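Residues per chain, in single letters:
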Amino acid sequence: QLQEKQKAKYTYGILERQFRKMFEHASSMKGITGENLLILCESRLDNMVYRMGIAPTRRAARQLVGHGHINVNGENCNIPSRILLPGQTVSVREKSKSLQIITENVSLSKSKLDWVVFDNKELTGTYINRPVRDQIPENIKEQLIVELYSK
């Protein structure tokens, strides 16, 4: 049990470092830091796989990316934290199109977002443009995050 706690603490430290780095990136961008942070979070590859309906949860999306089931612009990518740029294409690898988790979720998915276009038959989507705050369906008080990390 002690080993599990140490592993969780180590994982938390890595994720915290990634989030701090993302916050610093959002701070250096033009505009409101909190909105920039949400836009960067929405632009992550694992989040786009989730938003396109390929995976049922963000954690499952992260696992699909990590195991190499996802391509970006036709090339395999196994980095869940990769920030996508508008115009990039995300697709399911040809060998992975028959995976049960993907086929089930795509058939059940009904999410329609203004900044993502997804083809259910080809299992390919395009990140059209960065969303504005009003388009992001999450109920997050980003100002509280900014206040915490600004210290």
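Report on the accompanying structure.

Each value, and the rule that gives it
- Residues numbered from 1 in each chain as written.
- Predicted model: local features only at pLDDT ≥ 70, side-chain atom pairs only at ≥ 80, totals over all residues.
- Heavy atoms only, no water.
- Salt bridge = Lys/Arg side-chain N within 4 Å of Asp/Glu carboxyl O.
- Helix = DSSP H or I, 4+ residues; strand = E, 2+ residues; numbered from the N terminus.
- Buried < 20%, exposed > 50% of the residue type's maximum accessible area, 1.4 Å probe, protein only.
- Arc of directions from axis to C-beta.
- Axes fitted to C-alpha atoms, helices over the stretch in contact; angles between N-to-C directions.
- Parallel < 35°, antiparallel > 145°, perpendicular 65-115°, else oblique.
- Contact = heavy atoms within 4.5 Å.
- Nonpolar A, V, L, I, M, F, W, Y, C, P; charged D, E, K, R; others polar.
- 1 Å grid on protein atoms, 1.4 Å probe; cavity = no way out; pocket = protein on both sides within 12 Å on 5 of 7 lines; lining within 4 Å.
- Points joined across faces, edges and corners; volume = space filled by probe spheres on them.
- Polar contact = N/O pair within 3.5 Å; in protein donor to acceptor, adjacent residues only side chain to side chain.

**Considerations on the pattern of salt bridges**
Turning to step 1, where the next piece is worked out: Applying the stated criterion across every chain yields a total of seven salt bridges.
Turning to step 2, where the next piece is worked out: A salt bridge links Arg62 to Asp46, with the shortest nitrogen-to-oxygen separation between them at 3.7 Å. Separated by 16 residues along the polypeptide, Arg62 in helix α4 (residues 58-66) and Asp46 in helix α3 (residues 45-51) bring together distant segments of the chain.
Turning to step 3, where the next piece is worked out: Judged by relative accessible area, which is 32%, Arg62 ranks as partly exposed.
Turning to step 4, where the next piece is worked out: Across the pair Glu138 and Arg58 runs a salt bridge, and its minimum N-O distance is 3.2 Å. Of this pair, Glu138 sits in the loop between β5 (124-127) and α6 (142-149) while Arg58 sits in helix α4, placing them 80 residues apart in sequence.
Turning to step 5, where the next piece is worked out: Arg58 sits in the partly exposed class, given a relative accessible area of 34%.
Turning to step 6, where the next piece is worked out: If you follow the salt bridges from partner to partner, you end up with Glu42, Arg51, Arg58 and Glu138 in one network.

**Let's talk about α6**
Turning to step 1, where the next piece is worked out: What α6 keeps buried is the set Glu142, Val146 and Tyr149. What you see down the axis of α6 is that its buried residues fit within an arc of 75°, all on one side. Across α6 from its buried face, at more than 90 degrees, point the exposed residues Leu144 and Leu148.

**Quick notes on the packing of helix α2 (residues 33-42) against α6**
Turning to step 1, where the next piece is worked out: Their axes nearest at 8 Å, the elements α2 and α6 cross at an angle of 105°. As summarised for this structure, α2 and α6 are arranged roughly perpendicular, according to the angle between their axes. Residues Thr33, Gly34, Glu35, Leu37 and Leu38 of α2 touch α6, and the partners they reach there are Glu142, Ile145 and Val146.
Turning to step 2, where the next piece is worked out: Here the contact of α2 with α6 is composed, by residue class, of four nonpolar, two polar and two charged.

**Considering the layout of surface pockets**
Turning to step 1, where the next piece is worked out: Of the volumes computed, that of the largest pocket is approximately 710 Å³.
Turning to step 2, where the next piece is worked out: When residues of the lining of the largest pocket are traced back to their parent elements, those giving at least two are α1 (2-28), α2, α3 and α4.
Turning to step 3, where the next piece is worked out: When its residues are assigned to classes, the lining of the largest pocket shows nine nonpolar, four polar and seven charged.
Turning to step 4, where the next piece is worked out: Taken as a whole, the second largest pocket spans an internal volume of roughly 240 Å³.

**With respect to the side chain of Gln88**
Turning to step 1, where the next piece is worked out: Considering the arrangement of structural elements, one finds Gln88 in the loop between β2 (75-76) and β3 (89-92).
Turning to step 2, where the next piece is worked out: The exposure class assigned to Gln88 is buried, which follows from its relative accessible area of 12%.
Turning to step 3, where the next piece is worked out: Among the polar contacts made by the side chain of Gln88, one reaches the main-chain amide nitrogen of Leu85 at a distance of 2.8 Å.
Turning to step 4, where the next piece is worked out: Setting aside anything within four residues of it in sequence, one finds Gln88 in contact with Val72, Asn73, Arg82, Ile83, Gly125, Thr126 and Tyr127.

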